[in-house]
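One letter stands for each residue in the lines below.
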Amino acid sequence: MENTEHFENQKHEWESALQVTGSEQPAVQVNPNALERLKASRQQLLPLKDYVDGILAGDITILSKAITLVESSLPVHQKLAQAIIAECIPHSGRALRLGITGVPGAGKSTFIEALGMELVHRGKKVAVLAIDPSSQRSKGSILGDKTRMEELSQQRNAYIRPSASAGTLGGVARKTREAIILCEAAGFDTIIVETVGVGQSETAVYSMVDYFLLILIGGAGDELQGIKRGIMEMADGIVVNKADGDNVSRANRAAAEIKNAVHLFPPSESGQEVKVTTCSALTHFNVPEVWDMVENHVNNIRKSGYLDEKRANQDVQMMLDTIENTLKSDFYENATVKETLRLVENDVENKRMSAYEGARRLLEAYRGVES
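Remember, predicted model here, so these are calculated numbers, not experimental data. (Residues numbered from 1 in each chain as written. Predicted model: local features only at pLDDT ≥ 70, side-chain atom pairs only at ≥ 80, totals over all residues. Heavy atoms only, no water.)

**Focus on the pattern of salt bridges**
One pass over the full model with this rule turns up 16 salt bridges. For arginine 311, the salt bridge identified is with aspartate 210, shortest N-O distance 2.7 Å. Taken together, the residues span a long stretch of sequence, with arginine 311 in helix H15 (residues 306–333) and aspartate 210 in the loop between helix H11 (201–206) and strand S5 (211–217) at a distance of 101 residues. Aspartate 210 shares its class with arginine 311; the two are buried. (Salt bridge = Lys/Arg side-chain N within 4 Å of Asp/Glu carboxyl O. Helix = DSSP H or I, 4+ residues; strand = E, 2+ residues; numbered from the N terminus. Buried < 20%, exposed > 50% of the residue type's maximum accessible area, 1.4 Å probe, protein only.)

Set out below in structure tokens:
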């Protein structure tokens, strides 16, 4: 009822705005059916039960619609999305969650497609989710990845979902975590989360997966250069891709150097040794072995109880991240803060106020405290 009243009010405002000043005749709309299409689009939301039943039945169309709701910032969509997630949580958690990152040009997309095809042939259901906080600038990169995974995207037991460009890393990460829950409830037993952006996105992916795989290449002469040590320390396994043709010896040499470097790192929390190997996504060389490496690791930490502990910690971190992102969003959307922000920024820029004092003033404005 509220949505209908809102639409009618909005329609009245639009129609009023379209009146020609000084004329009794309204201006001709660019598209006379636009309002009707908008009204119809507002009515496309399904009942909660239809989303949940469709997801549990493995309906990809319903799954995609539910993930779209998760990605939406509209309050009505978010409310429905959270209700769907709450219903799906009891049916999630049984999939193996694999995070994949790598240096530019390492062939991540080709590797993911090769690995995905291997898993499909083994009878598994694979969902590939891309997390790309930089997509607002780079535009289309994740869609390009989806296009390059043409063979995998045509498989009945595979699902590829690019992440929405949501501006902040925290927002994209939260939505990817929730997409994982929905995909697992839909029956996918293997979730691959690919980090497309660079920087903190690796940490975000690490915080939501069971196994973190780093893809590198050999032959560049500086295999370890430009790779943050922290990213290598997060990795549960490292694969030197493109070990084919004339590049085999270079890939093997790079793998040997990486093994030596890994031995200098502190022991992993899981108690498992970080494996380093080579493969060729192009020729499929060692791709099955890479998956065996991943599966063995996850089976070991499941038996030791570390997997349950890790996932519990990830859930708590997700809660804390959600609080932080919500508070940040609420702060900048606060009307008083909006009015005060530019003035305070100007004072800080012109040295009339310290950065600390500026932050204090804005926080007091947010809390409604009189200065």
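**Re the packing of aromatic side chains**
Under the counting rule described, the total for this entry stands at four aromatic pairs. The positively charged end of lysine 125 is found above the aromatic ring belonging to phenylalanine 188, 4.9 Å away from the centroid. (Phe/Tyr/Trp six-rings, centres within 6.5 Å; stacked < 30°, edge-to-face > 60°. Lys NZ or Arg CZ within 6 Å of the ring centre and 35° of its normal.)

**A word on the nonpolar core**
Inside soluble globular proteins, nonpolar side chains tend to come together where they are buried. In this structure, Ile55, Ile84, Leu182, Cys183, Ile191 and Ile238 are the most contacted members of the largest nonpolar core, which totals 51 residues. Top contributing element to this core by residue count: helix H10 (residues 169–185), with seven residues. Not counting chain neighbours up to four residues away, the residues in contact with isoleucine 238 comprise Leu213, Leu214, Leu216, Met232, Ile258, Val262, Val274, Lys275, Val276 and Thr277. Counting residues in hydrophobic clusters, the runner-up holds 33 residues, among them Ile112, Ile160, Ile215 and Ala281. (Core = buried A, V, L, I, M, F, W, Y, C linked by side-chain atoms within 4.5 Å. Contact = heavy atoms within 4.5 Å.)

**Concerning the sheet that holds S5**
Strand order in the open sheet formed by seven strands is S3-S2-S4-S1-S5-S6-S7, with parallel pairing between adjacent strands. This sheet does not close on itself; its edge strands, each paired only once, are strand S3 (158–162) and strand S7 (275–278). Going from strand to strand, the sheet's axes swing by 20° on average, the running direction of each strand aside. Of the pairings in the sheet, the one linking S5 to strand S6 (residues 237–241) comprises five bridges and is parallel in character. (Pairing = 2+ DSSP bridges. Axes fitted to C-alpha atoms, helices over the stretch in contact; angles between N-to-C directions.)

**Focus on helix H6 (residues 108–121)**
Taking 1.5 Å as the rise per residue, H6 with 14 residues should run 20 Å; its terminal C-alpha atoms sit 20 Å apart, in good agreement. Glycine 123 sits one or two residues past H6 and shows a positive phi near 90°. (Expected span 1.5 Å × (residues − 1).)

**With respect to the side chain of glutamate 178**
One can find glutamate 178 in helix H10. Of the residues examined, glutamate 178 reaches a relative accessible area of 5% and is grouped as buried. Of note is the side chain of glutamate 178, whose polar atom sits 3.2 Å from the side chain of glutamine 82. Not counting residues up to four positions away in its chain, the partners in contact with glutamate 178 are Val70, Gln82, Ile85 and Met318. (Polar contact = N/O pair within 3.5 Å; in protein donor to acceptor, adjacent residues only side chain to side chain.)

**A look at the packing of H15 against helix H16 (residues 335–349)**
Between H15 and H16, the least distance of the axes is 5 Å, while the angle of their chain directions is 70°. Comparing their axes, H16 and H15 come out roughly perpendicular. Each of Phe331, Tyr332 and Glu333 in H15 lies in contact with H16, whose residues at this interface are Ala335, Val337, Lys338 and Leu341. Grouping the constituent residues of the contact of H15 with H16 by class yields five nonpolar, no polar and two charged. (Parallel < 35°, antiparallel > 145°, perpendicular 65-115°, else oblique. Nonpolar A, V, L, I, M, F, W, Y, C, P; charged D, E, K, R; others polar.)

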